[in-house]
Amino acid sequence: MPSRGNPNVPNKQRRIASRVKVQKRNAVSKVSKNPRGTARSNVLLPTSGPLAPPSGKKARKLEKARNHARQRAVQKAMQQEGEVQMTDAPKTTKTKTTKKQDDKMEVDGIS
């Protein structure tokens, strides 16, 4: 008996067939296209070039680059408006001044 991932769901061919039926039923002009990425599709997906989908690694790199560019744009806009984010400035604290005269107790002055 062939192994089956989940016997409680319809297989891929049945899912595609039912989806096509629904698309044909809902089509405005009653003409539907075969979905891309299926065996019935006559559209070839490119594996290279500008129209090819990026790989997972490339997609992560592009997302990082987009986020970095967005952050740079925000910082540039803040600098043009005059708002500067202080990141490397050292924190200065006020030093406490000690009073030498107040260190004596009251008892010392009585005698």
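Examining the overall build of the protein chain
So, step 1. Regarding its fold elements, the protein chain presents 3 helices and 0 strands.
So, step 2. Written out in order from the N terminus, the α and β elements of the protein chain read α-α-α.
So, step 3. Among the 111 residues that make up the protein chain, the fraction classed as buried is 5%.
So, step 4. When the accessible surface of the protein chain is totalled, it reaches about 11500 Å², and 53% of it is carbon and sulfur.

A look at the environment of Asn6
So, step 1. In this structure, Asn6 sits in the segment before helix H1 (12-26).
So, step 2. A residue is classified by how much of its surface remains accessible, and Asn6, at 36% relative accessible area, is partly exposed.
So, step 3. In this structure the side chain of Asn6 is engaged in a polar contact, spanning 3.1 Å, whose partner is the backbone nitrogen of Asn8.

So, a positive patch on the surface
So, step 1. Taken together, the side chains of Lys57, Lys58, Arg60, Lys61 and Lys64 make up a positively charged region of the molecular surface.
So, step 2. Using a relative accessible area of 55% as the deciding quantity, one classes Lys57 as exposed.

With respect to the confidence of the model for the protein chain
So, step 1. In this model, the protein chain carries an average pLDDT of 76, and 60% of its residues clear a pLDDT of 70 or more.
So, step 2. When mean pLDDT is taken per element in the protein chain, helix H2 (residues 56-81) scores highest with 92 and helix H3 (residues 106-110) scores lowest with 66.

Here's the deal with the pattern of salt bridges
So, step 1. The tally for this structure, following the rule as stated, stands at 1 salt bridge.
So, step 2. Measuring nitrogen to oxygen at the nearest pair gives 2.9 Å for the salt bridge that ties Glu63 to Arg66. With a gap of 3 residues between them, Glu63 and Arg66 both fall in helix H2, about one helical turn apart.
So, step 3. Residue classification places Glu63 among the partly exposed positions, given a relative accessible area of 38%.

Calculation rules
Residues numbered from 1 in each chain as written. Predicted model: local features only at pLDDT ≥ 70, side-chain atom pairs only at ≥ 80, totals over all residues. Heavy atoms only, no water. Helix = DSSP H or I, 4+ residues; strand = E, 2+ residues; numbered from the N terminus. Buried < 20%, exposed > 50% of the residue type's maximum accessible area, 1.4 Å probe, protein only. Areas by Shrake-Rupley, 256 points an atom, 1.4 Å probe, with all protein chains shown as cover. Polar contact = N/O pair within 3.5 Å; in protein donor to acceptor, adjacent residues only side chain to side chain. Patch = residues over 30% accessible without salt bridge, like charges linked within 9 Å, V, L, I, M, F, W, Y side chains within 5 Å. Salt bridge = Lys/Arg side-chain N within 4 Å of Asp/Glu carboxyl O. Lys, Arg positive; Asp, Glu negative; His and termini not counted. Charge placed at Lys NZ, Arg CZ, Asp CG, Glu CD. pLDDT = per-residue confidence, 0-100.

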